[in-house]
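Tertiary structure, described
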Amino acid sequence: MKTLTKITLVAIAALSSALTQAATTSASIPVSLTITEKCTISDVSTNIAIPNDTTSGTGAFKVTCNTPYSIRTSTTNTSDAATFVKSITNSSHKLNTNITVDLNGTAVPVNVGAALSQPGLTVDTYNVNAALVAAVVSTTPAGSYNDTLNISVDY
Amino acid sequence: MKKTFLAITALMMGSHAFSATATSSIPMSVEIAKKCTFSNVASEMILKEDGSDTTAGYTVTCNTPYSISTDNAKWYEGWYSYISNAQNEWLKTGVGTRAVRDNTLVTLHAGTPLARPGYSVDDYEVSIHVSTPITATTRASVYTDTYLISVYY
């Protein structure tokens, strides 16, 4: 029994010594990835053909952002919030239009109004509708009339 | 004449009988404590959006055998490491560390630390990349983690 006690004590002493000598040193390196804010406008309709009656011609475009953004639109031809298409051969020939832009039913301002805010992080498809306010009549000057919808995304 | 010679002989013999040498010693020793140090530790690892590897390095100098393991501060239940942003959105990462000397892979996250012979200056290279594809709708943000190194000796 005495011998066993001695052996135990020796073992404890040895273990204690080993534990005393064990050491750890450590270091660390920070890891990071910065994804910069980015928005793209894609799949933009090449042209919207407006019917001669008051039905709408349609178009669309997509906005893809990895951050919240706001969107607004404007037309090249505008006067006092009204929009119109203009004859390419005679600029005095104008036909008033009704232009709407929406995202799943939520209106995007055209020419006037506060920009529409969106959370981003999705591919948002916007619809464009363009119609004449009054149908073309028999005395409406023949010709090609046009306008341009401009899209602006801020992020 | 005879008496004088005998007397001198006796004196010389008496002198030999009393001689002695005293000795002593002083032990001398030097104890070199076990020590491991890090140096040339990269200040940061900046990942790339395209998922390609970013490499960085560090050096371990030990005067004794040692073992080494690495880890990341962010792990999902032992399955994979990740980086995350302020919104706690995760992007998986892939991490690997090799000893430059012999291309041995260093233990990552779990398992027995890699044993090394020590008595040397050992360079290690870390490769890390984002394995979750970064798309156009992945939130713009700063995603972070910390790469950890432990040396046992």
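How each quantity is defined
- Along each chain, residue indices are assigned from 1 in the same order as the chain's sequence is written.
- For this description, chains carry letters from A and ligands carry numbers from 1, given in the order in which they are written.
- Side-chain atom pairs in this predicted model are given and counted only at pLDDT of 80 or more, local residue features only at pLDDT of at least 70, and totals for whole chains, interfaces and linings cover all residues.
- To qualify as a helix, a DSSP run of H or I must reach at least 4 residues; to qualify as a strand, a run of E must reach at least 2; elements of each kind are numbered from the N terminus.
- Whether two residues are in contact is decided by their C-beta atoms, placed from the backbone, lying within 7 Å.
- Field definition: a residue is buried when 20 or more other C-beta atoms are found within 10 Å of its C-beta, exposed when 12 or fewer are, and partly exposed for counts in between, with C-beta atoms placed from the backbone.
- If DSSP finds at least two bridges between two strands, the strands pair.
- Here the axes come from fitting lines to C-alpha atoms, over the contacting stretch only for helices, and the angles between their N-to-C directions go from 0 to 180 degrees.
- Here the term charged refers only to Asp, Glu, Lys and Arg, the term nonpolar to Ala, Val, Leu, Ile, Met, Phe, Trp, Tyr, Cys and Pro, and the term polar to all other amino acids, Gly among them.
- A residue's pLDDT is simply how confident the predictor is in it, with values from 0 to 100.
- A set of buried Ala, Val, Leu, Ile, Met, Phe, Trp, Tyr and Cys residues, joined to one another through C-beta atoms within 7 Å, is what we call a nonpolar core.

Take the overall build of chain B next. Looking only at helices and strands, chain B has one helix and 11 strands in total. Sequence separation of 24 or more characterises 71% of the internal contacts of chain B that already satisfy a separation of 6 or more.

Scanning chain A from N- to C-terminus turns up one helix and 12 strands. Counting from the amino terminus, helix and strand elements in chain A follow one another as α-β-β-β-β-β-β-β-β-β-β-β-β. The buried share among the 155 residues of chain A stands at 17%.

Residue and element names in this part refer to chain A. An order of S9-S4-S12 is seen for the three strands of this open sheet, with the pairing classed as antiparallel. Two strands close off the open sheet at either side, each with one partner strand: strand S9 (116–118) and strand S12 (149–154). For this sheet, the mean inter-axis angle between neighbouring strands, taken without regard to orientation, is 25 degrees. Two elements, strand S4 (residues 69–75) and S9, share three bridges in a ladder whose sense is antiparallel. Paired with Ser70 across the two strands is Ser117, which belongs to S9.

Facing 36 residues of chain B, the contacting portion of chain A comprises 24 residues. For the side of chain B that touches chain A, the secondary-structure elements that each account for two or more residues are strand S1 (36–39), strand S2 (45–46), strand S3 (54–62), strand S10 (120–130) and strand S11 (141–152) of chain B. Looking at which element gives the most residues to the side of chain B that touches chain A, the answer is S11(B), with 12 residues. Residues of the side of chain B that touches chain A, tallied by class, amount to 24 nonpolar, seven polar and five charged. Relative to S11(B), strand S1 (residues 24–35) of chain A is paired through 12 bridges, and the arrangement is antiparallel. In the sheet register, Thr25(A) faces S11(B), and the bridge partner there is Val151(B).

Glancing now at the confidence of the model for chain A. On average, residues of chain A carry a pLDDT of 89, and 86% of them reach 70 or more. Long-range and interchain partners of residues 1–20 of chain A, a stretch whose pLDDT sits below 50, account for zero contacts in this model, where long-range means more than four residues apart.

Take the pairing of S4(A) next. Judged from the six bridges that link them, S4(A) and S12(A) form a sheet pairing that is antiparallel. Among the inter-strand pairings, Ile71(A) is bridged to a residue of S12(A), identified as Val153(A).

One finds Val31(A), Met45(B), Val126(B) and Val151(B) to be the most contacted residues of the largest nonpolar core, which totals 23 residues. Only S1 of chain A together with S3, strand S4 (66–72), strand S7 (90–99), S10 and S11 of chain B provide two or more residues apiece to this core. Other than its neighbours up to four places away in sequence, Val31(A) contacts Met45(B), Leu47(B), Ile83(B), Ile128(B), Thr144(B), Asp145(B), Thr146(B) and Tyr147(B).

Here the focus is unusual backbone geometry. Although it is not a glycine, Asn104(A) sits at a positive phi angle of roughly 50 degrees. The exposed category is assigned to Asn104(A), around which 8 C-beta atoms lie within 10 Å. For His109(B), which is not a glycine, the phi torsion comes out positive at approximately 70 degrees. Looking at the element boundaries, His109(B) is found in the loop between strand S8 (107–108) and strand S9 (114–116).

Looking now at the environment of Thr132(B). All names here are of chain B. Along the chain, the position of Thr132 falls in the loop between S10 and S11. Look at Thr132 and you get partly exposed, because 16 C-beta atoms sit within 10 Å. Separated by 68 residues in sequence, Thr132 and Thr64 place their C-alpha atoms 40 Å apart. What Thr132 contacts, discounting residues up to four positions off in sequence, is Leu91 and Lys92.

Across chain B, the average pLDDT comes to 91, with 88% of residues at or above 70. The ipTM assigned to the predicted complex is 0.84, against a pTM of 0.79.

So, about the environment of Tyr155(A). Residue and element names in this part refer to chain A. Within the fold, Tyr155 resides in the segment after S12. The class for Tyr155 is partly exposed, based on 16 C-beta atoms found within 10 Å. Those residues in contact with Tyr155, other than ones at most four positions away along the chain, are Glu37, Cys39, Cys65, Thr67, Pro68 and Tyr69.

All names here are of chain A. Both strand S3 (residues 57–65) and strand S10 (residues 123–132) contribute to a ladder of eight bridges, which runs antiparallel. The partner of Ala60 across the bridge, within S10, is Asn127. Bridge count between strand S7 (residues 94–103) and S10: six bridges; the pairing is antiparallel. Note that in S10 the partner of Val101 across the bridge is Val128.

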